[in-house]
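The lines below spell out each chain.
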Amino acid sequence: MRPKFLFCLLAISCCLDSLLWAGTTGKIAGRVVDAQTKEGLPGANIIIEGTTLGTVTDLDGKYIILRVPPGVFSLRAKLIGYGEIRYDRIQVSIDKTTTVHFSLSQTVLESGQSVVVTATRPLVERDLTSTIASVNAEVIARLPVDNMHDVVNLQAGVVDGHFRGGRSGEVAYLIDGISTNDVYSGNSAVQVENTSIQEIQIISGTFNAEYGQAMSGIVNVVTKEGGDRYHGSLTTYAGDYVSAHSDIFWNIDAFNPIYNLEGTLNGPVPFTGKRVTFFASGRLHDNEGALYGRDVFQPSDSSHFPSSDITDWYIESHGRGYRFASPQAFERFADSLKNAAPYVAMRPSRRWTGQIKLGYRLSNANKIDYEGLVQRQKYKEYDHAFRYNPGGDFWRHQLGWNNSFTWTSVLNERNFFTVKAARFYTDYKQYVYENPYDSRYVNPNLLKIASGNAFLTGGQQMWHFLRNTTTSIGKLDFTSQATNEHQLKMGLEYRQHRLWLRSFEIRLNRDTGWLPYVPSVTRQVQNNDEYLLHPLEFSAYVQDKIELAYMVVNAGVRYDFFKSDGTIPLDFSQPATAEMRTPKTNQQFSPRFGLSYPISDRGAIHVSYGHFFQIPNFEYLFSNPDFELYATSNYGSTSPPERTPNTIGNAELKPQKTTIYEIGLQQQLGEELSLEVTAYFKDIRNLLGTEILHTTTGIRYARFINRDYGGVKGLTLAFEKRLTGGFGATVDYTYQIARGDASDPASAFLDAEAGREPQKQLVPLNWDRTHSLNLTLTTGDAKRWSASLIGRLGSGLPYTPTEQNVRTAVENSERKPAYMNIDFFAYRNVLISGLNFNAFIRIHNLLDRKNELDVYSDTGRANYTLTARTSGTIFGVNNLNDYLNRPNFYSEPRQILWGIGIQF
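By convention here, each chain's residues receive numbers from 1 onward along its written sequence. Given that this is a predicted model, residues contribute local features only at a pLDDT of at least 70 and side-chain atom pairs are listed and counted only at 80 or more, while totals for whole chains, interfaces and linings are drawn from all residues. Side-chain numbers here rest on the full set of heavy atoms in the structure, without hydrogens or water.

**Student:** What should I look at first to understand the pattern of salt bridges in this one?
**Tutor:** For side chains of opposite charge, pairing can occur when their charged atoms come near one another. For salt bridges, the criterion is a side-chain nitrogen of Lys or Arg within 4 Å of an Asp or Glu carboxyl oxygen. Taken as a whole and judged by the stated rule, the model has 41 salt bridges. In this structure, arginine 842 engages aspartate 146 in a salt bridge whose closest nitrogen and oxygen atoms are separated by 3.8 Å. Of the two residues, arginine 842 is situated in strand β50 (residues 835-844) and aspartate 146 in the loop between α2 (137-142) and α3 (148-152); the sequence distance between them amounts to 696 residues. For the pair formed by arginine 842 and aspartate 146, the shared burial category is buried. The helix and strand labels rest on DSSP assignments: H or I over at least four residues marks a helix, E over at least two residues marks a strand, and numbering proceeds from the N terminus. Burial classification: accessible surface area is computed with a 1.4 Å probe over protein chains only, and a residue below 20% of its type maximum counts as buried, one above 50% as exposed, and the rest as partly exposed.

Here it is, written out as structure tokens:
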């Protein structure tokens, strides 16, 4: 079916019914009755205080208010001849129905008086048809979390960004209903800071038809809006890593401060009569990290190790050369050289974020919103080989921005539409020096390791990797509360992408006159890629939320169309010189269904099912666009940073497919305690893998295709104790088995290159954590003081055992040590002259635990290996213990932050 034909069908349907758009609001519904007769009261006014939202009850006393943003509100009901009632602290969440019933008495109160009732959030959500967690701004403010990803990883079934056993890049990240995934990498292009978040909705189970291009989960962030009064905040904190593990983390005893400054301001724009409001925020975060090296060598240093005889060695450090009369003299020199060298941070990070949101209310029925967000980051990733030559490793620079316009028009109380236009941009750069002709670039032959256990004594990374992605989005969504039971949803979306990539290795040799040189881009020049491509997507969905007295049903269908770009060789035996053709288009329908059946006023069962499709990350579609193939020994001084050598992309990869089944139970166990049990199964097909091909000249290479598969099954148990009486808690446990034929899309090719038989059975995936337990404890009065603690416990992730670098068992057949972490946060508020001052402390890894995130494959531990002990001479100035000390194998040490803030 062509997109034009489907568009016509949807346009016809839109004339019949219209619908809500991808979750940024919720709704409030209920009934107003006479307190004595229990009959419905028509004509009662229902008003959400502090907003322009409200409605009037129908002949049966029922009411529905749409377009309610997530947050906490007061709801008032009044009718002539009856006393007013106001419910405070009504919690509204994205895509959820908050039910509030009123019982009005004919006892007339004095003018201006009303009965005030404080509402409590229901522990059982009767319209929950899949696993959804909604975390609002109040909860985030009380937890020891630094960014939205910390909040996401707290959810049951999420392991380091992997949702229920899925690969990374299978999660859709949305800001106010607009996807912000960088289609090249699959990661979020920008990150909303915690101070700007009104609510985060995390869907780890099945999700409705309005969401697409995701197979494992949805993270939908709704940002704060400006109010009709001025409010603001300013917060700063500083801190450091405080640990007893100085043997692992060099320079940990020194003070290396972490800085953070952030603020918000919101209210009406002056001289607009409060018709235009704004919310603005900014943050600067600077952290040198806990991983340090020593500035023993510069990239320009040239050392020489012609044999194992130390008296033949020549060591150059910062331009000065040294030779040695004996091994003892060398050892004394090496110790003094290392100890005198200053420490250098090897995983520093600086991030700056700015955000603004403007709202212009044209009338009660029309509103225009603009949102802009910009984020810049400069950082390094730790590379153990450069620990004595940190100046030779890559710097990484990332810039992201997002602009969106929204027009919401209310046709009547039960129908409205939303039009959105958005554009977001990601720019990523990776190099040592920005100018590829910088005179500080040196002979690439200096970048070498004479033995496997020696740090680099000179040289630097010679690659420049530059890319940017621009995505332009147009969305049209409709909402119709067709009846009290049926809420219909319908929408169209068009996305146009622009991908640019430039990747090259700097040449510097005798042919270039020993000066840096970048050759022009041609198919004949190796290690030199560039492309500019414009793939596009179109999607549409129809969905119905049926809310009956005895059950709730979410049913819908989604259509996705994808037109790739790039070229496909007609002859894979000579792909670089073959004739090319254009790739085929992809399209598919995906049905979604969820049902919630209340079994009592305190319990409900839900079941859900759906098909979920996602185009693989575009880096795999367009990798190696010139189809460069060469012998393994000729990869260059370093391999390309963005791809596995001798692999080519596939511009007509099919969508990956996941079928998800879920069944769950919610049960309230008391006035303050609830239990949720969920079982799930995922069947994963068409996962990205590689096929092995050969050229006519005998070169072996790999091409990405849809070939891998997997399955995930799991069970989650979640307990919640509502925050009352100054104490609240949540505990969730997940048992999960995630199996597949490969964790890495390039596994088949890497096995072939290593001479191993490709995997032919399902094995644990790299992120398969069988048991995980999350705990949060919160105490205190949120207005005066609060303390909270987050605890995480998990069984070890899998690894593949080896001996003498030879695999000794099936892939991922052994387990790393268990993981445990505790974070702590506490604050105290003081009100002075109308200003709220607060002081706080946040501690990450409270117990300073050394969690072993990576291990040596021959021992299964991070602190010991057998292979290296018999490796012979180390051709460098480090000793074996220095090299085997891998701080990046461990979680970060204890981090203590303390700060102050002011709110007005």
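**Student:** What is the right way to read the nonpolar core from this model?
**Tutor:** The tendency in soluble globular proteins is for nonpolar side chains to be buried side by side. Counting residues in each nonpolar core, the largest one holds 26 residues, and the members touching the most others are Tyr241, Phe249, Phe386, Leu456, Phe840, Phe889 and Tyr890. Only β17 (231-241), β49 (819-832) and α7 (880-884) provide two or more residues apiece to this core. Whether two residues are in contact is decided by their heavy atoms, any of which lying within 4.5 Å being enough. Apart from residues no more than four positions distant in its own chain, phenylalanine 249 is found in contact with Ala290, Leu291, Pro887, Tyr890, Ser891 and Pro893. Among buried residues, the Ala, Val, Leu, Ile, Met, Phe, Trp, Tyr and Cys ones that are joined through side-chain atoms within 4.5 Å form a nonpolar core.

**Student:** Is there a simple way to think about the confidence of the model for the protein in this case?
**Tutor:** When pLDDT drops low, the exact placement of atoms in the prediction is not to be read closely. The pLDDT averaged across the protein works out to 89; a share of 92% of its residues lies at or above 70. With pLDDT under 50 throughout, residues 1-21 is counted as low confidence; its partners more than four residues away or in other chains account for 64 contacts. Residue-level confidence of the predictor is what pLDDT reports, using numbers from 0 through 100. The low-confidence segment residues 633-637 (pLDDT under 50) makes twelve contacts with residues lying over four places distant or belonging to another chain.

**Student:** How do you make sense of the packing of aromatic side chains when you look at a structure like this?
**Tutor:** Any aromatic ring pair is given by two values, namely how distant the centres are and how the planes are angled relative to each other. Think of it this way: a Phe, Tyr or Trp ring, Trp meaning its six-membered ring, pairs with another when their centres are within 6.5 Å, and the plane angle makes it stacked under 30 degrees, edge-to-face over 60, tilted otherwise. For the structure shown, the criterion picks out 31 aromatic pairs. Judged by centre distance (6.2 Å) and plane angle (80°), the rings of tyrosine 237 and phenylalanine 840 are edge-to-face. Taken together, the residues span a long stretch of sequence, with tyrosine 237 in strand β17 and phenylalanine 840 in strand β50 at a distance of 603 residues. An identical accessibility class is assigned to tyrosine 237 and phenylalanine 840; each is buried.

**Student:** For this particular structure, what's the right way to read the sheet that holds strand β10 (residues 132-136)?
**Tutor:** Paired through backbone hydrogen bonds, the strands of a sheet run either parallel or antiparallel to each other. If DSSP finds at least two bridges between two strands, the strands pair. Strand order in the open sheet formed by five strands is β10-β15-β16-β13-β14, and the pairing between neighbours is mixed. Each edge of the open sheet carries a strand with a single partner, namely β10 and β14 (178-179). In terms of strand pairing, strand β13 (residues 171-175) meets strand β16 (residues 217-223) through five bridges, oriented parallel. Following the sheet pairing, tyrosine 173 is matched in β16 by valine 219.

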